[in-house]
Amino acid sequence: MKHAVITGAANGIGEALARRLVRAGYSVTGVDVDANRAADLEPELGARFVIADLSTDSGVVRVNDRLASMDTIDVLIHNAGINAVRRFPHVGMTDQEKVVAINFQAPMVLTAGLLEADRIAPGGSLVFVSSLSHYVSYPGAAAYAATKSGLASYARSLSVALAPREIHVMTVFPGPTRTAHARRYSPDNSREEKRMPPEDLAEAILRGIEKRRRLLVPGFGNRTAAFLGAWCPRVVERVMRRAMLEKN
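Calculation criteria
Here the residue index of a chain counts from 1 through its sequence in written order. Totals for whole chains, interfaces and linings use all residues, but because this is a predicted model, local features are given only for residues with pLDDT of at least 70 and pairs of side-chain atoms are given and counted only at 80 or more. Note that water and hydrogens are dropped before the side-chain values are worked out from all heavy atoms of the structure. Take the buried Ala, Val, Leu, Ile, Met, Phe, Trp, Tyr and Cys residues and link them wherever side-chain atoms come within 4.5 Å; each set so joined is a nonpolar core. The cut-offs for exposure are 20% and 50% of the maximum accessible area for each residue type, with area from a 1.4 Å probe on protein chains only; residues under the lower value are buried, those over the upper are exposed, and the others partly exposed. Only DSSP runs of H or I reaching four residues or more are called helices, and only runs of E reaching two or more are called strands; each is numbered from the N terminus. A helix's residues, less one, multiplied by 1.5 Å, set its expected span. In this description, contact between two residues means that some pair of their heavy atoms is separated by no more than 4.5 Å. Here, strands pair whenever DSSP counts at least two bridges between them. Interaxial angle, 0 to 180 degrees, is taken between N-to-C directions of lines fitted to C-alpha atoms, where a helix line uses only the stretch in contact.

**Q** Which residues make up the nonpolar core, and what are the values?
**A** Counting 30 residues, the largest nonpolar core has Ile-6, Leu-21, Val-28, Ile-77 and Ile-205 as the members making the most contacts within it. Elements with a contribution of two residues or more to this core: strand S1 (3-7), helix H1 (12-23), helix H2 (35-45), strand S4 (73-78), strand S5 (120-129), strand S6 (168-172) and helix H8 (198-211). By residue number, the principal contributor to this core is H8, which donates six residues. Formed by 27 residues, the second largest nonpolar core is a distinct cluster that contains Val-5, Ala-52, Leu-67 and Leu-76.

Below, the structure written as structure tokens:
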């Protein structure tokens, strides 16, 4: 049985990924800080969880040590992420450091540790969940946008480095998704039903893994936004500024 590891697996996109991969026949190990939710999901999904805070060095070491003692990993999905949304001068340094630690530092350290320990199976896949903000910007969440763009750059370089080992690397750029995380940080939830269901995103990610894609922007609307962000960045930035800052 193939083994998948998903960070941030107790809620939202991570939970949808865990459910989809279990249905696809994978043995799933989730990593999350939410011990109560993980305890509910373990018997329901037949998954196992490592409880750890990825914003701390000790938490990352704990995860690396636990994963190094398990079966080799066929699919590793770096999904865990947090945000800190407000006008940049008012975002505290502690909040920004935590965003950087979870969204960017933890995936890099975990990946390096697992590769060094030879825990990624030959022909396995590393998946990095970035964000559509990489293409369209994210006014009011500069630290978040920076970490997600940094993750995309890291994954791009890693894919070249790991090609001789036939390890597949895919970067995913989701747009607005119908999760509690998106609801918490959006200034306007009046059109929440327009956001992509996390189950649809999980399905797209699994298809991307199977096809060994390097880049995935799921959803026609998101692909259109990414195209416009690349070719008309100032126009898109003005739209994002009105949507994110002027409604706060």
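**Q** Can you break down H8 residue by residue, with the values?
**A** Here H8 is 14 residues long and its end C-alpha atoms lie 20 Å apart, about the 20 Å a rise of 1.5 Å per residue gives. Within H8, the full set of buried residues consists of Pro-198, Leu-201, Ala-202, Ala-204, Ile-205, Leu-206, Gly-208 and Ile-209. Close packing links the buried residues of H8 with H1, S4, S5, S6 and strand S7 (215-216). Arg-212 lies just past H8 and shows a positive phi near 55 degrees.

**Q** Before we move on, could you go through the environment of Val-75 and cite the residues and values that matter?
**A** Checked against the element boundaries, Val-75 lands in strand S4. Exposure remark for Val-75: the relative accessible area of 2% places this residue in the buried category. With 48 residues separating them along the chain, Val-75 and Gly-123 place their C-alpha atoms 9.5 Å apart. Setting aside anything within four residues of it in sequence, one finds Val-75 in contact with His-3, Ala-4, Val-5, Tyr-26, Ser-125 and Ile-209.

**Q** Please provide a residue-by-residue account of unusual backbone geometry, values included.
**A** With a phi angle near 60 degrees, Glu-166 is a residue other than glycine that sits in the positive phi range. Locating Glu-166 in the fold gives a position in the loop between helix H6 (142-162) and S6. Even without a glycine there, the phi angle at Arg-212 is positive, about 55 degrees. Checked against the element boundaries, Arg-212 lands in the loop between H8 and S7. Residue Arg-212 is classed as partly exposed on the basis of its relative accessible area, which comes to 39%.

**Q** How would you explain the sheet that holds strand S2 (residues 27-32) if you had to name every residue and give the values?
**A** If you walk across this open sheet you meet the seven strands as S3-S2-S1-S4-S5-S6-S7, and the pairing is parallel. Single-partner strands in this sheet number two, and they are strand S3 (48-51) and S7. As judged from the five bridges shared by S5 and S6, these two strands associate in the parallel manner. Counterpart to Phe-128 in the pairing with S6 is Thr-171. Along the sheet, helix H3 (residues 57-68) contacts S1, S2, S3 and S4; its crossing angle with S3, the most-contacted strand, is approximately 150 degrees.

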